[in-house]
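# Observations on the model geometry
One letter stands for each residue in the lines below.
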Amino acid sequence: MEQTFVMIKPDGVKLGLIGTIIQRFEHKRLRLVRAEMMQLSLEQAKAHYLDLAHKPFFHDLLQFITSGEVMAMVWEGPNAVKAARCLIGATNPLESPSGTIRGDFALELDSNIIHGSDSVENAAREIQLYFPDYYAAKSVS
Ligand code: DAT
Ligand code: MG
């Protein structure tokens, strides 16, 4: 069964949206497999956003994502990666329709509430990064 990595960013946690977001994923019939509150180290944040290191907003992105606690999660279901991205919406909240998480709860690009893996390959990479013990146990079983 396909799995994806989803993370409620510091703004989403501070706004009290954990329950609302989990409910939307459950209503979509995805299954919560792992969840943990954590604060990212700078190293972890850099590893996560490796492919954006050349972007002008990279420094601000690292500062934002390490600024408070996040809720890291693994969700499972048929086409979980695409299903989660549909629930989340477009990167820019202004281009994300109402009914999506970013469309409903975010206004600005640099604080858009939630992350979701963009491919099955990146989902595996991110699950390994955030839940290494779970990933290792899954790989041997
Ligand atoms: P997504 O989170 O939709 O996968 P991404 O991977 O392209 O989008 O970028 C990661 C995050 O970086 C994104 O959620 C918000 C931030 N970001 C992207 N483009 C930005 C920009 N032009 N200015 C400021 N922040 C940006
Ligand atoms: Mg992305």
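Bear in mind that the values here come from a model prediction, so they are computed numbers and not experimental data. (Residues numbered from 1 in each chain as written. Chains lettered and ligands numbered in written order. Predicted model: local features only at pLDDT ≥ 70, side-chain atom pairs only at ≥ 80, totals over all residues. Heavy atoms only, no water.)

With a phi close to 55°, asparagine 79 is a non-glycine residue in the positive phi region. When you line up the elements, asparagine 79 lands in the loop between β3 (70-76) and α5 (80-88). Of note, the phi angle at isoleucine 113 is positive, near 75°, even though the residue is not glycine. Within the secondary structure layout, isoleucine 113 lies in the loop between α6 (101-105) and β4 (114-116). (Helix = DSSP H or I, 4+ residues; strand = E, 2+ residues; numbered from the N terminus.)

Taken as a whole, this structure holds two aromatic pairs when the rule is applied. Measuring from centroid to centroid gives 4.3 Å for phenylalanine 5 and tyrosine 130, while their planes differ by 15°, and the two rings are stacked. Note that phenylalanine 5 is positioned in strand β1 (residues 3-8) and tyrosine 130 in helix α7 (residues 120-130), a separation of 125 residues in sequence. Accessibility classification places phenylalanine 5 together with tyrosine 130 in one group, the buried group. (Phe/Tyr/Trp six-rings, centres within 6.5 Å; stacked < 30°, edge-to-face > 60°. Buried < 20%, exposed > 50% of the residue type's maximum accessible area, 1.4 Å probe, protein only.)

Right, let's get into the UniProt feature "binding site: ATP" (unreviewed entry) in the protein. Listed under "binding site: ATP" (unreviewed entry) in the UniProt record, and renumbered for this structure, are Lys9, Phe57, Arg85, Thr91, Arg102 and Asn112. Structurally, the position occupied by lysine 9 is in the loop between β1 and α1 (10-14). A relative accessible area of 6% means that lysine 9 is categorised as buried. Not counting chain neighbours up to four residues away, the residues in contact with lysine 9 comprise Tyr49, Phe64, Ile65, Glu69, Val70, Arg102, Asn112, Ile113, Ile114 and His115. Secondary-structure assignment places arginine 85 in helix α5. When neighbours within four sequence positions are excluded, arginine 85 is seen to be in contact with Gly116, Ser117 and Asp118. (UniProt positions renumbered as here; feature names shortened; annotations may be inferred. Contact = heavy atoms within 4.5 Å.)

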